[in-house]
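So you can see what is in the structure, the chains are spelled out below.
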Amino acid sequence: MKGKISRYMASFVAMGIMAAGPLHAGGPTSQDLVDDAKSTGDVLTYGMGPQGQRFSPLTKLNADNIKHLVPAFSSSLGGEKQRGQESQPLVYDGTIYVTGSYSRMFAFDSRTGEKKWEYDARLPDGIMPCCDVVNRGAAIHGDKIIFATLDAHLVALNRLTGKVIWNKAMADYQAGYSATAAPLIVKDMVITGNSGGEFGIVGMVQARNVETGELIWERPTIEGHMGTLHGQPNGMTGKLNASWPGDMWKTGGGATWLGGTYDPETNLIFFGTGNPGPWNSHMRPGDNLYSASTLALDPDTGVIKWHYQTTPHDGWDFDGVNEFIPFDATVNGKAMKLGAKADRNGYFYVLDRTNGKFVSANKFVMQTTWANGINAKTGRPNFIEEGRPGAPVVNAKGETEKGKVVFSSPSFLGGKNWMPMAFSQDTGLFYIPSNDWGMEIWNEPIAYKKGAAFLGAGFTIKPIAEDHIGALRAMDPKTGKIVWEYKNKAPLWGGVLTTAGNLVFTGTPEGYLKAFDAKTGKELWKFQTGSGVVGSPITWEQDGEQYVAVMSGWGGAVPLWGGEVAKTFKEISQGGSLWVFKLPKD
Ligand code: CA
Ligand code: CA
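Conventions and cut-offs
- Residues numbered from 1 in each chain as written.
- Chains lettered and ligands numbered in written order.
- Predicted model: local features only at pLDDT ≥ 70, side-chain atom pairs only at ≥ 80, totals over all residues.
- Heavy atoms only, no water.
- Pairing = 2+ DSSP bridges.
- Helix = DSSP H or I, 4+ residues; strand = E, 2+ residues; numbered from the N terminus.
- Phe/Tyr/Trp six-rings, centres within 6.5 Å; stacked < 30°, edge-to-face > 60°.
- Lys NZ or Arg CZ within 6 Å of the ring centre and 35° of its normal.
- Disulfide = S-S within 2.5 Å.
- Buried < 20%, exposed > 50% of the residue type's maximum accessible area, 1.4 Å probe, protein only.
- Salt bridge = Lys/Arg side-chain N within 4 Å of Asp/Glu carboxyl O.
- Donors = N, O, S within 2.8 Å, 3.2 Å for Na, K, Ca; no water.
- Tetrahedral: all angles 85-135°; square planar, octahedral: opposite > 155°, others 65-115°.
- Polar contact = N/O pair within 3.5 Å; in protein donor to acceptor, adjacent residues only side chain to side chain.
- Contact = heavy atoms within 4.5 Å.

A few words now on the sheet that holds strand β34 (residues 470-476). Pairing within the open sheet is antiparallel, and its 4 strands lie in the order β30-β31-β34-β35. Only two strands of the sheet have a single partner each, and these edge strands are β30 (422-423) and β35 (481-488). Here β34 runs beside β35; their pairing, made up of 7 bridges, is antiparallel. Pairing of A471 across the sheet is with K487, part of β35.

Laid out in structure tokens, this is it:
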């Protein structure tokens with residue numbers, strides 16, 4: 001009898017071990033998150049892997065059969081809060097987690113779409129999101145699902161019930177801080193950036209204990225500010241006044257508002273930094289480190305290991321926050337650990353991710369009026385001085401007037417904005433959601449005031465092409481050449497997904513989720529979701545079938561800041577729905 005019980009117990013334990021990994025009762029571990037790109041039965045991280053490649057090895061759904069793809073269900077976020085839905089869903093253990101506009105989180109059954117729970121952050125009056133009330137996604141770990149809110153809080157919920165486990169303020173929303181990015185979880189730490197670069201805030205990366213929310217380290221992104229580790233000073237960022245005049249560094253911007261990626265191979269996390277403050281560059285001579293840069297940080301201490309500044313002395317709001325995606329390739333016969341970033345300034349950069357050394361930079365948009373290429377020796381832009389808006393001038397009456405207006409391309413909304421690109425391990429190509437547009441821009445006088453916009457600039461966005469603004473472009477990182485492009489009338493504002501099924505997915509403001517042949521760019525499939533698609537699609541395998549999901553809901557920065565461009569697309573309906581697709585069973 002005793003033997004029988006122990007045999008029974010042994011097989012029970014063995015079954016338990018087999019079911020371990022993504023399905024054990026404790027929930028995903030930090031190691032599960034590292035392995036997310038390979039585990040096709042779940043989507044545990046923003047970026048479908050901490051590297052953010054947004055590549056799935058699944059092939060059940062492919063270029064040959066995608067014409068049969070149909071909706072499995074759609075789930076509404078409901079309410080009156082139907083603004084931009086820029087979220088990327090997560091999928092774990094029969095649940096799809098999505099964040100929604102106005103700092104909401106939802107859990108839906110991944111087979112039926114039925115709502116399991118909803119959490120609405122109680123936002124104070126006076127929040128200052130610059131660019132719509134969006135949220136880009138959550139992070140999952142153990143029993144928790146974690147997201148950032150518009151009042152610059154970080155909230156951990158019980159993933160089964162939606163009840164709050166901890167809630168921490170990351171910064172003072174009354175000073176213009178907010179948060180919209182999906183957190184990054186590395187080694188049981190939640191690592192976040194901050195938003196507010198238009199309000200004279202200071203960019204910051206923070207790491208917290210995932211179980212308690214307690215701060216472990218913080219690293220400001222602007223030179224002169226002190227980092228901390230376990231509450232103790234941990235070295236100044238850069239060297240005081242090395243690239244900033246006077247006290248301008250104190251309100252220097254450099255918001256890390258898009259979050260980061262993680263490369264377990266080099267043990268580095270990569271965060272991009274936004275525009276320096278104010279936009280008026282004449283007030284802050286110098287490179288203004290580390291604004292408009294990519295920073296590689298040690299996840300254990302928050303120390304900066306290397307930096308690469310894409311737009312030194314930015315004068316166009318070319319935030320350098322875009323995702324830096326680790327990938328490997330052979331360059332000039334040498335196997336290299338690389339990383340790539342399609343910058344808001346219109347150039348696609350490839351760097352050696354072990355040390356930040358420049359490898360190549362190529363234009364991925366129609367036009368760059370501010371620089372004529374990137375110097376391969378120095379890695380710095382060849383600036384076109386006439387492309388910089390002029391300093392405000394004092395007239396004969398002694399009044400200060402706006403400076404010389406220049407036409408600039410890309411516009412401040414960028415050759416690429418927040419929407420993440422994808423890298424296919426199959427084709428070796430990056431798929432960049434880009435936009436071709438320009439702006440008139442000028443500078444005005446400005447003084448810092450807590451909680452007020454800190455721009456010192458004015459602008460009007462304009463189209464530069466007859467037939468399109470948006471362009472999904474396949475970039476070969478080895479040659480810097482565009483292999484194919486798909487042009488879209490409205491600006492593209494959604495993320496990209498690619499799969500080993502030779503597919504590339506992205507959404508359009510016109511309401512479609514579209515799929516393309518990854519090698520040729522031929523449009524293979526589209527589905528009208530009823531509102532603009534500005535979220536990031538995902539794919540996973542469930543019950544032997546391959547699923548695709550995306551959020552629908554028009555909004556984001558374009559309708560708010562798009563000038564002439566926004567007028568053209570004011571007829572697009574608001575929305576707030578999760579759409580899930582699969583092939584019919586027969
Ligand atoms: Ca996975
Ligand atoms: Ca900005």
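Now, onward.
Scanning the model with the defined rule gives 32 aromatic pairs in all. Between Y431 and W484 the ring centres are 5.7 Å apart and the planes differ by 35°, which places this aromatic pair in the tilted class. Taken together, the positions of Y431 in strand β31 (residues 430-435) and W484 in strand β35 put the pair 53 residues apart, joining distant regions of the chain. Here the aromatic cluster, defined as three or more aromatic residues joined through ring pairs, consists of W316, F318, Y347, W370 and F383. A cation over a ring is seen here: R388 above F383, with NZ or CZ 5.6 Å from the ring centre.

Throughout the structure, instances matching the rule amount to 1 disulfide. One disulfide bridge connects C130 with C131, the sulfur atoms lying 2.1 Å from each other. Judged by the sign of its S-S torsion, about -105°, the cystine formed by C130 and C131 is left-handed. Residue classification places C130 among the partly exposed residues on the basis of a relative accessible area of 30%.

This part takes up the pattern of salt bridges. Applying the stated criterion across every chain yields a total of 31 salt bridges. With its nearest N and O atoms 3.7 Å apart, the salt bridge here joins D120 to K81. In this pair, D120 is assigned in strand β6 (residues 115-120) and K81 in the loop between β2 (70-76) and β3 (90-92), connecting sequence segments 39 residues apart. Its relative accessible area of 35% is what places D120 among the partly exposed residues. Residue D300 is joined to K187 by a salt bridge in which the shortest nitrogen-to-oxygen separation is 3.2 Å. On the criterion of sequence distance, the pair formed by D300 in the loop between β19 (293-297) and β20 (304-309) and K187 in the loop between β11 (184-186) and β12 (189-192) is long-range, its members being 113 residues apart. The exposure class assigned to K187 is partly exposed, which follows from its relative accessible area of 38%. Where salt bridges share partners, they join D263, E265, D328, K337 and R353 into one cluster.

Distances from the calcium ion (ligand 1) to its protein donors, namely D36 (O), D36 (OD), S39 (O), S39 (OG), D42 (O) and D42 (OD), fall within the range 2.2 to 2.5 Å. Between the 6 donor atoms coordinating the calcium ion (ligand 1), the angles at the centre fall across 69 to 172°, so the site counts as irregular. Going along the chain, you hit the donors of the calcium ion (ligand 1) in the pattern D-x2-S-x2-D. Among the residues examined, D36 registers a relative accessible area of 3% and is labelled buried. Classification of S39 by relative accessible area gives partly exposed; the value is 22%.

The element strand β23 (residues 347-352) is largely enclosed, with a buried count of 6 among its 6 residues. The alternating pattern of β23 places Y347, Y349 and L351 on one face and F348, V350 and D352 on the opposite face, and all of these are buried. When strand β22 (residues 334-342) meets β23, the two strands line up antiparallel, connected through 5 bridges. By the bridge assignment for β23, K341 is matched with Y349.

Within the protein, the calcium ion (ligand 2) binds to E198 (OE), N275 (OD1), D317 (OD), D319 (OD) and D319 (OD); these donor distances fall in the range 2.3 to 2.8 Å. Mapped onto the polypeptide sequence, the residues donating to the calcium ion (ligand 2) form the spacing pattern E-x76-N-x41-D-x1-D. With E198 in the loop between β12 and β13 (204-209) and N275 in the loop between β18 (268-272) and β19, the pair connects residues that are 77 residues apart, well separated along the chain. The pair E198 / N275 is uniform in exposure class, with both members buried.

As a further point, take the side chain of N488. Within the secondary structure, N488 is located in strand β35. Among the polar contacts made by the side chain of N488, one reaches the side chain of Y486 at a distance of 2.6 Å. Setting aside anything within four residues of it in sequence, one finds N488 in contact with H468, I469, G470, T508, P509 and E510.

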